[in-house]
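Structural description and commentary
Here's the letter readout for the chains.
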Amino acid sequence: MSINVTRSSMPDFDEYIEEIKDLWDSRWLTNMGAKHNKLQEELCGYLSVDNVSLFTNGHLALEAALAAMKLTGEVITTPFTFSSTTQAIVRCGLTPVFCDVRPEDYTIDPAKLEALITDKTSAIVPVHVYGSICDVYAIERIAKKHGLKVIYDAAHAFGVRMEERGIGSFGDAAMFSFHATKVFNTVEGGCVTYADSSLTERLMMQKNFGMRPGGESYPEVAGNSKLDEFRAAMGLCNLRHVDGEIEKRKAAVVRYTERLGGVPGLKIWREQPGVKHNYAYFPVVFDKETFGLDRDEAAARLLEHGISARKYFYPLTSALKCYEGRFELQETPVAEYAAKNVLTLPLFADLTMEDVDRICDIILSKGEQA
Ligand SMILES: *Cc1c(COP(=O)(O)O)cnc(C)c1O
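What this report covers is the structure whose coordinates are included nearby. (Residues numbered from 1 in each chain as written. Predicted model: local features only at pLDDT ≥ 70, side-chain atom pairs only at ≥ 80, totals over all residues. Heavy atoms only, no water.)

**What about the packing of helix H9 (residues 229–260) against helix H13 (residues 353–364)?**
- Closest axis-to-axis distance for the H9/H13 pair is 10 Å, and the angle between their directions is 30 degrees. Considered as vectors, H9 and H13 are oriented roughly parallel to each other. Regarding H9 and H13, the two cross each other, and that crossing is right-handed. Listed contacts from H13 to Ala251, Ala252, Arg255, Tyr256, Arg259 and Leu260 of H9 are Met353, Val356, Asp357, Ile359, Cys360, Asp361 and Leu364.
- Along the lines of polarity and charge, the residues of the contact of H9 with H13 split into 9 nonpolar, no polar and 4 charged. (Axes fitted to C-alpha atoms, helices over the stretch in contact; angles between N-to-C directions. Helix = DSSP H or I, 4+ residues; strand = E, 2+ residues; numbered from the N terminus. Parallel < 35°, antiparallel > 145°, perpendicular 65-115°, else oblique. Left-handed = near helix turned anticlockwise from the far one by under 90°. Contact = heavy atoms within 4.5 Å. Nonpolar A, V, L, I, M, F, W, Y, C, P; charged D, E, K, R; others polar.)

Below, the structure written as structure tokens:
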């Protein structure tokens, strides 16, 4: 039996059908309909944030947040992320400045951040990689000192909490992705969470062609990135079950940790103190010298058994072909090492303990048997 790296969570067929039934009466299919507004409200509660603005996907939500903040010049971010983070910065006409990550959790290294600030810097875009959270307090201190905005890429961090606070309540804004492969999905979808209510109108204009709500005036240049009612309905259903899905993911992570933790040459994902995690990914960094297999060899052995793991993230976004020669690059040795040696193992709510054991057996036997 083959195992994919991820498998989307879905509600029961009947639950979804029940949820979308009244759309045949209302005939209101998109443009901030009843389901959209209900999901927005429920997410404010679930994520413990003051404001949520829904979008058709996480990427455009991030672009809208950057545009709504009217940023200019340079934005400090990390190259150890999905292409989306950097593409959003560049598509908004901003210059990415790449800061290295911390070896403990691969989030932006605050100790290396301040040296990259110039008089052109307008914001920091850190990433809560794998649902591990950045050093939010250090980042806040640096941002305050230099008058910078902080917009988190929280695409991996749905439902993550730090000392009882929703992770989306840190920084000026945070973007969550509701893509099919994420912990919570609306098929495609995403949102921006933010504290300052004066952003509400600007985010609305960003998703709706630059039009001022309720008016005929168009103060902004913008496209269309609204979330429709069918996908909002999927979100309403999935939100009812997301806690259970996270519990199931946790069981798989506990098993992976029992089997692979402490094995010389394997560095596995670890919980952070004070954080309630969502168990979005299970990355393993392979040290060939000590373990005997490198990341690519491990991936190939797994694939021989029909198991697909992912080189997530590889390559670094600073090395993307489309940016060749465009930006000044800093040395980011920790990020480079991670990108070269990391493999994320299959992880989803329905992954069985037997599957986790089979995956671990193949890795631990270095592909010789199992
Ligand atoms: C998934 C993801 C995005 C983009 O979200 P979409 O909803 O797929 O557009 C951005 N950043 C990171 C780190 C992601 O994993």
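**Description of the pairing of strand S5 (residues 149–153)**
- Counting buried residues in S5 gives 4 out of 5 residues, a clear majority hidden from the surface.
- Summarising the sheet, strand S4 (residues 121–125) and S5 pair through 2 bridges and their orientation is parallel. From the neighbouring strand, alanine 123 faces S5, where its bridge partner is lysine 149.
- In terms of handedness, the path from S4 via helix H7 (residues 136–146) over to S5 forms a crossover that is right-handed.
- Two elements, S5 and strand S8 (residues 173–177), share 3 bridges in a ladder whose sense is parallel. Of the residues in S8, the one forming a bridge with tyrosine 152 is alanine 174. (Buried < 20%, exposed > 50% of the residue type's maximum accessible area, 1.4 Å probe, protein only. Pairing = 2+ DSSP bridges. Right-handed = clockwise from strand over helix to strand, strands pointing away.)

**Regarding the pattern of salt bridges**
- A full pass over the atoms with the stated rule returns 24 salt bridges.
- Taking the shortest distance from any N to any O, the salt bridge between glutamate 19 and lysine 35 comes out at 3.2 Å. Separated by 16 residues along the polypeptide, glutamate 19 in helix H1 (residues 13–20) and lysine 35 in helix H3 (residues 34–47) bring together distant segments of the chain.
- Judged by its relative accessible area of 7%, lysine 35 is buried.
- A salt bridge links lysine 321 to glutamate 324, with the nearest nitrogen and oxygen atoms 3.5 Å apart.
- Given a relative accessible area of 65%, lysine 321 falls into the exposed group. (Salt bridge = Lys/Arg side-chain N within 4 Å of Asp/Glu carboxyl O.)

**Regarding the site of the ligand**
- Around the ligand sit 16 residues, and of these Gly58, His59, Asp153, Ser177 and Lys182 come closest.
- Here glycine 58 contributes a backbone N or O atom positioned 2.8 Å from an oxygen atom of the ligand.
- Here aspartate 153 contributes a side-chain N or O atom positioned 2.8 Å from a nitrogen atom of the ligand.
- Protein burial of the ligand: of its 380 Å² of free accessible surface, 94% is covered by the chains.
- Among the cavities detected, the one that contains the ligand is the largest pocket.
- Listing elements by their share of the shell around the ligand, those giving two or more residues are helix H4 (58–68), helix H5 (83–91) and S8.
- Partitioned by chemical class, the residues of the shell around the ligand number 4 nonpolar, 10 polar and 2 charged. (Near = heavy atom within 4 Å. Polar contact = N/O pair within 3.5 Å; in protein donor to acceptor, adjacent residues only side chain to side chain. Areas by Shrake-Rupley, 256 points an atom, 1.4 Å probe, with all protein chains shown as cover. 1 Å grid on protein atoms, 1.4 Å probe; cavity = no way out; pocket = protein on both sides within 12 Å on 5 of 7 lines; lining within 4 Å. Sits in = over half its atoms within 2 Å of the grid points.)

**Here we look at the side chain of threonine 344**
- Structurally, threonine 344 is set in strand S13 (residues 342–345).
- Threonine 344 gets classed as buried once you look at its relative accessible area, which sits at 2%.
- Setting aside residues up to four positions removed in sequence, threonine 344 forms contacts with Val5, Tyr130, Phe282, Pro283, Ala309, Arg310 and Tyr312.

**Observations regarding the pairing of S8**
- With 5 of its 5 residues buried, S8 lies for the most part within the structure.
- Burial of the side chains of S8 extends over both faces: Ala173, Met175 and Ser177 are buried on one face and Ala174 and Phe176 on the other.
- Bridge count between S8 and strand S9 (residues 190–194): 5 bridges; the pairing is antiparallel. Its bridge partner lying in S9, alanine 173 is registered against tyrosine 194.

**Section: the sheet that holds strand S6 (residues 161–162)**
- Taken in spatial order, the 3 strands of this open sheet run S7-S6-S11, and their pairing is antiparallel. This sheet does not close on itself; its edge strands, each paired only once, are strand S7 (165–166) and strand S11 (275–276).
- Of the strand pairs in this sheet, S6 and S11 are connected by 2 bridges, and their pairing is antiparallel. Bridge pairing links methionine 162 to valine 275 in S11.

**A word on the sheet that holds S13**
- The strand order S10-S12-S13 describes an open sheet built from 3 strands, whose pairing is antiparallel. Edge strands, defined here as strands with exactly one partner in the open sheet, are strand S10 (266–268) and S13. Direction aside, the axes of adjacent strands within the sheet are offset by 30 degrees on average.
- Note: strand S12 (residues 282–286) against S13, 4 bridges, orientation antiparallel. For proline 283, the partnering residue across the bridge sits in S13 and is threonine 344.
- Sheet strands touched by helix H11 (residues 295–304): S12 and S13. Its angle to S13, the strand with the most contacts, is close to 30 degrees.

**A few points about empty space enclosed by the protein**
- Tallying each qualifying case throughout the model produces 2 cavities of 30 Å³ or more.
- Taken as a whole, the largest cavity encloses approximately 40 Å³ of empty space.
- In terms of lining residues, the largest cavity is bounded by Ala155, His156, Phe158, Thr181, Lys182, Val183, Asn278, Ala280 and Tyr281.
- Here the residues of the lining of the largest cavity are counted per class, giving 5 nonpolar, 3 polar and 1 charged.
- Its volume calculated, the second largest cavity comes out at about 30 Å³.
- A per-class count over the lining of the second largest cavity returns 3 nonpolar, 3 polar and 1 charged. (Points joined across faces, edges and corners; volume = space filled by probe spheres on them.)

Nothing here speaks to function; it is all geometry.
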